[in-house]
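Listed below, chain by chain, are the residues.
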Amino acid sequence: MKRIDKLRISRRQMLGATATAAAGAAAAAAPLSEARAATAAAPRWSMVMDMRRCIGCSACTVACKAENNVSLGRFRTVVQRKMTGTFPNVKKINLPIICNHCEGSAKDGADDGVPPCVSVCPEYPGERLTYVSPTTGKKIRYRGGATYRRPDGLILIDVAKCIGCGKCLDGCPYGVRSFDPFVQAGAKPEEQTADKCTFCVHLIDNGQDPACVTTCQGKARIFGDLNDPDSPVSKLVREHNLSSPGNVLLPEKGTAPQVYYIDPEGVLKTAYREREKGKLDHYMEYLDA
Amino acid sequence: MTALNRRGFMKLASASGAVLAAGAADIRPALAGTIKLSQSGRSFSPTTGKERQAIPTACWQCVTRDSMIGYVEDGRVVKLDGHPESIRTRGVICAKGQAGINTVYFPDRILYPLRRVGARGEHKWKRISWDEALDEIAGRMKPLLDAGTPEKLMYHYGRNKASQSKVNGDFLGAFGTKTIGNHTSICEGGKWTAQELMWGGHYDNWDFDNTDFVLVFGSNTLNTHTNHIPVAQRLIDAHVGRGVPMYVFDVRLTDTAAHADEWIPINVGKDGLVALAMCNVIMSEGRYKRDLFKFMKVTADRNASVDEKIAAVKAGVAAFTPEMAEKDSMVPADKIRELARAFARAKSGVVVSYRGTIAHQDGADQERAMMLLAAITNNVNSPGGRCQGVGAGWKSPKSKAGQKTGGKVKALNINDGFPGQVAYPTHHVNHQVLKMIKDGRAGRPEVYIWSCYNPVYVNGEVEENKAIMKDESLMPFTVSINIVYDESSALADIILPDVTYLERWDWEDMVSPTQVAEYYFRQPLIKPLGESRDTGDIWVGLAQRLGIKLAWSSKEDFVRQSCNMTPGVKEAGGFEYMKKRGIWHDKNAKPDYMGFMSKIPASALKKDGVIFDQATGVYWNWKKAKAQSADEAMKVGYQNTPGAYKAYVGQEIDGEVYRGFKPDKVNKSGFLEFYSELLKAKGIPAFPTFTPIAEHTAMAPDELHLTTYKVAVHTHSRTSHCKWLSEIYHDNPGWMNPKTAAERGLVDGDRIRVRSKHGEITTHVKVTEGIIPGIIAISYHVGREFSGRYGSGKADPIPGTMADDPDFKNKWWDRHGVHPNVLIANAPDRMTGQQRWMDEVVRVEKA
């Protein structure tokens, strides 16, 4: 995959990626308290990936390209594939991955609402913003930044504030960020802005599922509000006990991911190809088949 | 709960172009603090939040043809999604469908008529006007009419369906030619013909919604089926949602095999043998179900009792013991027994089979073995079983045929293979067309027009195809209707810029997975780019020049009239309704399970012209069959009267007359025929059997089987210019088992040379545990000589294409794969004409 090397995080130095990531306390994903959910002022958007149902068709990957006009050479979501075993006892695992919209921090593993990509952003914490909850109508104050966390759990990028420094690309232990060659960093136009999955914020704010979910024929991607005990994601989390640490990626990083995996065969860890330092090869969808 | 459900689609159409501030319109405080997101139906710009215009239409990337909603912003198609009201797709489309936008805007798209200025195949072109192009083509067609040889106009299509097929056929009929080629024999023609010999029709749907057991042979159903989106999601629902057991026989670990309870590796071409062995277990252990035997024909005696039939099937499969099958197939005898018993025990079950099973010598017999397995377990046209496909039945306007030839419509006999080559070419033998043109004995087309087809690339023996098409003495005048310069357009004299499917009118009819027909519709999302023009409108231009009167004035008019004359759609509001909704089905319609058991009323048998055929037990109408007289018809008999199947009324069984399994393409009886008089008449075994494949029995120890396959993100030949698809899949290494690789001193990634009798390619090897030893498998989508810069790595050598795509500078791949068809003979199966893709043998060595 040498060919891919030239596009990775490329133009910048990888700064301190491993240093931040290494701190992972053994904290599990944030516990899902029903009591907390019932009193929540805002939704908490989350995705459940049902590994039994992913048929590796790449419809999600391409739907995302179209929905978000994602340039060639990078992705906002991909399906990783892995074959294990020896003939004829062979398995193939499809693993859809996406920004985990983490709640926690790599620094202390606490559910402090400041995940590593946000904490490394030089523009965070920035201006004070107000979020109006669609579920309760309550106004919730929060801090903006070039990368920031909205009170409904979305980790978003403010292009106007971005200086294109690339710290968040390095800081994300999952390596799901890239530079958008089409969009300049608003606060430093000679650089390109950082870019990643927004859970299709422009759709969910308009009452629509994210594009990858809408087109998923296996219903392997399920999206919804974890603060609504009746939402499909809440039901799945309860039914499959997804709040246990083994059902998210890299639980040891203490980032409290909000993307959960239904993995009855316990193959998540085997299947997941982690990022290599300074590269984003793991986040390219390329079938050598 | 506040349901922000946007499935009420009328709302969408009326919201076209409305500007909504992001978040303003739809997210409201909810009483219970919950939000229900809608699956699809509306689209918003990620940069401005503006709501986009929503237009119902239909996909055409592949034959599945899902109904869709297209979204348009500032006159540009920006997003495609499934139509949320579709009973077929349930609002979902695949990766190819999602990349449909790329077919409109890829940088190498042909936008203007072109005339070659150098020698044919020299890639020198100039832009001409539509008038110049149509004048020249009409000027070539007119002499054919004057000479009374309209059949020397040949039209050859790859993917034409529904209204597109009808509109083309209508014009060509009006002109007087039936020399119309297709591509079915390189796809699944053999499966279809096999089915026509058994149950009459030619498409099977597997009732996954109701099934209790799934057996898959030679089909990557979850990724690449011809009705992909409708069936894949239902198979996953059945398997994961309802825990339905699923076992997959395949030479490779496909995604379907990977999801199964078990992948059962099987040797190439042995699917039918294993199915017969399963039949053997079920029959010999008395595990069959008697229900269907009454309607089956399994011996020469149509009056055989059920017990006699059971005995005959038992005897017919007696030789195929699990041990015998194990020896050839590598499937353990115990596994065959276990699965046969489980399948027979299940309340219902489906037997899936596809190209891996049928693209062989006598592949149709393998399909017959599959059907036999389904029949003896009572899983034919039953809930949860293997059901005949149901699609929409549209009406359409018809022009007068043979307008300049005294009503005559003629054909060159070049579509069905060489004389004596194929017994029942009911879907033609298109991969022999170029060979037959070269041979010349059955005549040659003076004018050869093709669209949505790439004869050079999609058939075997690519180099020969190229040489024939390049030879002006064999093919004097060639016209390609296309959106992209490809291996065949390169050999045209004139290229006409086709519209893409997102700029076109059509009605659509693909099979429904629920056995309830869905009527759906395609309409332009934008005006055709450049000077591109629908083929239907090209015919209008030619008809005007030739003085031919068509019953429709444009493709849009053809579709309009069709909508306004088709029962159901018409009452719903016809064309205007379809423009708004894009889709219609009869809410009261129910699946026609076990329809073959319906009795034919006595009145139908007393109708004028209806006679009884003693030999077959078929009631048929000699007048409808255009026989000369009742006496003549009785004397010649149903089976030997050409086209008698069109006059079928019912099948007599035990003194009653049933609808039975109605014939559709051949003069079979109304039984589900496993004993085929038609095959017997051609010297082919009447009852399903297994005949070793000639190429395989003659293999040298160092030779390997070559198999080809599809991946989820490409069609065979029409998507490599789509950047989002080629980014994911652009290279096709040869899959090889570690044992096979080691025998050749190969390690993963080595460059290899693959040689057959027909050609040679160089690629690299992917050493993988996910394939059986003794074969090499290479996919067939890539290795494009021309397919625009995303598909072939180089820009098209033509003037007047699209403007550059700013994303092109981000293209990162420089491998574009190889084409395995170079290695494969254009060899039809003797029973059906199916191209025998999977019978080729090759030698592989380090390059």
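Each chain carries its own residue numbering, running from 1 in the direction its sequence is written. Whichever chain is written first becomes A and whichever ligand is written first becomes 1, with later ones labelled in order. Two thresholds apply to this predicted model, a pLDDT of at least 70 for residue-level local features and 80 or more for giving and counting side-chain atom pairs, whereas whole-chain, interface and lining totals are computed over all residues. Remark: hydrogens and water are excluded; side-chain values derive from all non-hydrogen atoms of the structure.

### Here's the deal with the overall build of chain B
Formally: Note on conventions: DSSP H or I runs of at least 4 residues are helices, E runs of at least 2 residues are strands, and numbering of each starts at the N terminus. Here the globule rule is a power law, 2.2 Å times the number of residues to the power 0.38, and the radius of gyration is based on C-alpha atoms. Each residue is assigned to one of three classes by its accessible area relative to the maximum for its type, calculated with a 1.4 Å probe on protein chains only: buried under 20%, partly exposed between the two thresholds, exposed over 50%. In this analysis, two residues are considered to be in contact whenever any of their non-hydrogen atoms come within 4.5 Å of each other. The Shrake-Rupley method, run with a 1.4 Å probe, gives the accessible areas here. Residue values count only the displayed protein chains as cover. Positive charge is attributed to Lys and Arg, negative charge to Asp and Glu, and no charge count is given to His or to the chain ends. For this purpose, a charge sits on NZ of Lys, CZ of Arg, CG of Asp or CD of Glu.
What chain B contains, in helices and strands, is 29 helices and 33 strands. Here the C-alpha radius of gyration of chain B, 27 Å, is about what a compact globule of 847 residues would show, namely 29 Å. Along the longest, intermediate and shortest principal axes, the C-alpha atoms of chain B span 70 × 70 × 70 Å. Per-residue burial for chain B yields a buried fraction of 67% across its 847 residues. Contacts in chain B between residues at least 24 apart in sequence constitute 74% of all its contacts with a sequence separation of at least 6. On chain B, roughly 27300 Å² of surface is accessible, and the fraction owed to carbon and sulfur atoms is 50%. A distance of 4 Å separates the average location of the 110 positive side-chain charges in chain B from that of its 97 negative side-chain charges.

### Regarding the interface of chain A and chain B
Stated precisely, the cut-off is as follows: By buried area we mean how much accessible surface two parts lose on assembly, using a 1.4 Å probe and totalling the loss over both. Salt bridge criterion: a side-chain nitrogen from Lys or Arg within 4 Å of a carboxyl oxygen from Asp or Glu. As used in this structure description, the phrase polar contact means that two N or O atoms lie within 3.5 Å; if the pair is within protein, one of them must be able to donate a hydrogen and the other to accept it, and residues adjacent in sequence are counted only when both atoms belong to side chains.
Taken together, the contact pairs 67 residues of chain A with 86 residues of chain B. Sorting the residues of chain A by area buried against chain B places Leu-72, Phe-87 and Gln-217 of chain A first, and these three jointly supply 13% of that buried surface. A salt bridge links Glu-67 of chain A to Lys-79 of chain B, with the shortest nitrogen-to-oxygen separation between them at 3.7 Å. Counting across the chain A and chain B interface gives 15 residue pairs in polar contact (both at pLDDT 80 or more). Contributing elements (two or more residues each) for the side of chain A that touches chain B: α1 (2-5), α4 (59-68), β2 (77-86), β3 (89-98), β8 (178-184), α7 (201-204), α8 (211-214) and β10 (221-225) of chain A. For the side of chain A that touches chain B, the element with the highest residue contribution is α4 of chain A, accounting for 8 residues.

### Details of the domain arrangement of chain B
Residue and element names in this part refer to chain B. The condition is simple: What fixes the domain bounds is an automatic or database domain assignment.
Domain annotation of chain B identifies domain 1 (2-102), domain 2 (114-186 + 401-504 + 530-566), domain 3 (204-388), domain 4 (595-681) and domain 5 (699-846). Contact residues are listed per partner, giving 11 residues for domain 1 and 9 residues for domain 3. Both faces considered, domain 1 and domain 3 share a buried interface measuring about 800 Å² in area, 43% of it formed by carbon and sulfur atoms. Where domain 1 meets domain 3, there are 1 salt bridge.

### Observations regarding the sheet that holds strand β5 (residues 76-82) of chain B
Residue and element names in this part refer to chain B. Our working definition: DSSP bridges decide pairing: two strands pair if at least two such bridges lie between them. Lines fitted to the C-alpha atoms define the axes, with helices restricted to the stretch that makes contact. Angles between their N-to-C directions range from 0 to 180 degrees.
The 3 strands lie next to each other as β3-β4-β5, forming an open sheet whose pairing is antiparallel. Strand pairing shows two members of the sheet lacking a second neighbour, β3 (53-58) and β5, which therefore form its edges. With strand direction ignored, the average angle separating the axes of adjacent strands in the sheet is 30 degrees. Pairing geometry for β3 and strand β4 (residues 67-73), over 6 bridges, is antiparallel. Bridging from a neighbouring strand, Ala-54 pairs with Tyr-71 of β4.

### Some points on the nonpolar core
Under the convention used in this document: For the purposes of this section, nonpolar cores are sets of buried Ala, Val, Leu, Ile, Met, Phe, Trp, Tyr and Cys residues that join through side-chain atoms within 4.5 Å.
Residues Met-47, Phe-199 and Tyr-261 of chain A are the most contacted members of the largest nonpolar core, which totals 92 residues. At 4 residues, the largest contribution of residues to this core is made by β3 of chain A. Ignoring any residue separated from it by four or fewer positions in sequence, one finds Met-47 of chain A in contact with Ile-98, Phe-199, Cys-212, Val-213, Arg-221, Ile-222, Phe-223, Gln-258, Val-259 and Tyr-260 of chain A. Leu-197, Leu-292, Val-380 and Phe-687 of chain B belong to the second largest nonpolar core, which has 67 residues in total.

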